[in-house]
Amino acid sequence: MSIFKIAKIGNPVLRKKAKRVNSEHVKSKEFQRFLDDLVETMRDGIGVGISAPQVHAGVRVIAIENKKNKRYPEKKNFPLEIIINPEIILIDKVFEEDWEGCLSIDLRGLVPRYCKIKYKGFDRKGKLIEGIALGFKARVIQHEVDHLDGILFVDRMMNFASLTTSAEYEKYWKKKEEH
Ligand code: NI
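Parameters at a glance
- Residues numbered from 1 in each chain as written.
- Predicted model: local features only at pLDDT ≥ 70, side-chain atom pairs only at ≥ 80, totals over all residues.
- Heavy atoms only, no water.
- Pairing = 2+ DSSP bridges.
- Helix = DSSP H or I, 4+ residues; strand = E, 2+ residues; numbered from the N terminus.
- Axes fitted to C-alpha atoms, helices over the stretch in contact; angles between N-to-C directions.
- Contact = heavy atoms within 4.5 Å.
- Donors = N, O, S within 2.8 Å, 3.2 Å for Na, K, Ca; no water.
- Buried < 20%, exposed > 50% of the residue type's maximum accessible area, 1.4 Å probe, protein only.
- Salt bridge = Lys/Arg side-chain N within 4 Å of Asp/Glu carboxyl O.
- Phe/Tyr/Trp six-rings, centres within 6.5 Å; stacked < 30°, edge-to-face > 60°.
- Lys NZ or Arg CZ within 6 Å of the ring centre and 35° of its normal.

Enquirer: Explain the sheet that holds strand β3 (residues 78–90) to me, please; I cannot follow it from the model alone.
Expert: Within a sheet, adjacent strands bond to each other through the backbone by hydrogen bonds, running parallel or antiparallel. Taken in spatial order, the five strands make up an open sheet running β1-β2-β3-β6-β7, and their pairing is antiparallel. The open sheet has two edge strands with one neighbour each: β1 (49–51) and β7 (128–134). When the angles between neighbouring strand axes are averaged without regard to direction, this sheet yields 40°. Judged from the seven bridges that link them, strand β6 (residues 116–122) and β7 form a sheet pairing that is antiparallel. Counterpart to I117 in the pairing with β7 is A133. In the packing of helix α1 (residues 29–44) onto the sheet, contacts are made with β1, β2 (61–66) and β3, and the angle to β2 comes to roughly 40°.

Below, the structure written as structure tokens:
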């Protein structure tokens, strides 16, 4: 397995709309290896999510996982999920602001996201995935799907006053409580 180089904000690849994956392509050795490397890159960067454009691949694939992540210690854990051609279906207009970071941006900021979403797509075997996500997991899915449309979390912020470097976030803003 190998670790990809992560594209940083300013790289045009992060602003392009990614292309849907052809279902026949999913089972190829090459694509399966790409998925393994994508997950490995997310874990190496201590991310809770990653999207293909962040590793310079313009395809609609995201991976999410929160396994005692030290960058988000107060957040609920969720297992690894690879979602190919993910779609979000709005089922509730209630939203909340919370802190987000990104492997492509060394900043944190408060971002409004829907608290509850329905999502669907395909897993790495080409099987249909459908689920309801709440809270932090819903937030991570919305953040990663935005990447597939060239949207970064800073574009979603309502007020830039909360924009903070990662170091200043740790020092002044990190919360300890579980929620
Ligand atoms: Ni991101």
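Enquirer: I'm lost on the coordination of the nickel ion in this one. Help?
Expert: Geometry sets the ideal angles at a metal, namely 109.5 degrees for four tetrahedral donors and 90 or 180 degrees for six octahedral donors. Surrounding the nickel ion are the protein donor atoms C102 (SG), H143 (NE2) and H147 (NE2), which sit 2.1 to 2.2 Å from the metal. The sequence motif formed by the donor residues of the nickel ion is C-x40-H-x3-H. Of this pair, C102 sits in strand β4 (residues 95–102) while H143 sits in helix α2 (residues 135–148), and the two are 41 residues apart along the sequence. Overall, the relative accessible area of 7% leaves C102 in the buried class. When its relative accessible area of 6% is taken as the criterion, H143 is described as buried.

Enquirer: What's the story with the pattern of salt bridges in this structure? I'm lost.
Expert: Under the defined criterion, the tally for this structure stands at 15 salt bridges. In this structure, E130 engages K118 in a salt bridge whose closest nitrogen and oxygen atoms are separated by 3.6 Å. Separated by 12 residues along the polypeptide, E130 in strand β7 and K118 in strand β6 bring together distant segments of the chain. K118 gets classed as partly exposed once you look at its relative accessible area, which sits at 28%.

Enquirer: I tried to follow the pairing of β6 on my own but got confused; where do I start?
Expert: Looking down a regular strand, the side chains alternate between one sheet face and the other. Here β6 shows a clear split, with I117, Y119 and G121 buried on one side and none of K116, K118, K120 and F122 buried on the other. Pairing of β3 with β6, which is carried by five bridges, proceeds in the antiparallel orientation. When the sheet's bridge partners are listed, I84 is paired in β6 with F122. Counted along the chain from β6 to the antiparallel partner β7, the turn is five residues long, and its residue G126 has a positive phi close to 85°.

Enquirer: Just to check I follow, could you spell out the packing of aromatic side chains for this structure?
Expert: Between two aromatic rings, the relevant description is the distance of the centres plus the angle of the planes. For the structure on display, the rule yields six aromatic pairs. Ring centres of F78 and F136 lie 6.2 Å apart, and the angle between their planes is 50°; this geometry places the pair in the tilted category. Of this pair, F78 sits in strand β3 while F136 is found in helix α2, placing the two residues 58 residues apart along the sequence. Here F78 falls in the buried class, since its relative accessible area comes to 6%. By relative accessible area, F136 is classed as buried at 10%. Ring geometry for W99 and Y169: centres 5.2 Å apart, planes at 65°, overall edge-to-face. Residue W99 is located in strand β4, and its partner Y169 is located in helix α4 (residues 166–173); the two are separated by 70 residues in the primary sequence. No difference in accessibility class separates W99 from Y169, as the two residues are buried. Cation over ring: R108 sits above Y169, and NZ or CZ is 4.3 Å from the ring centre.

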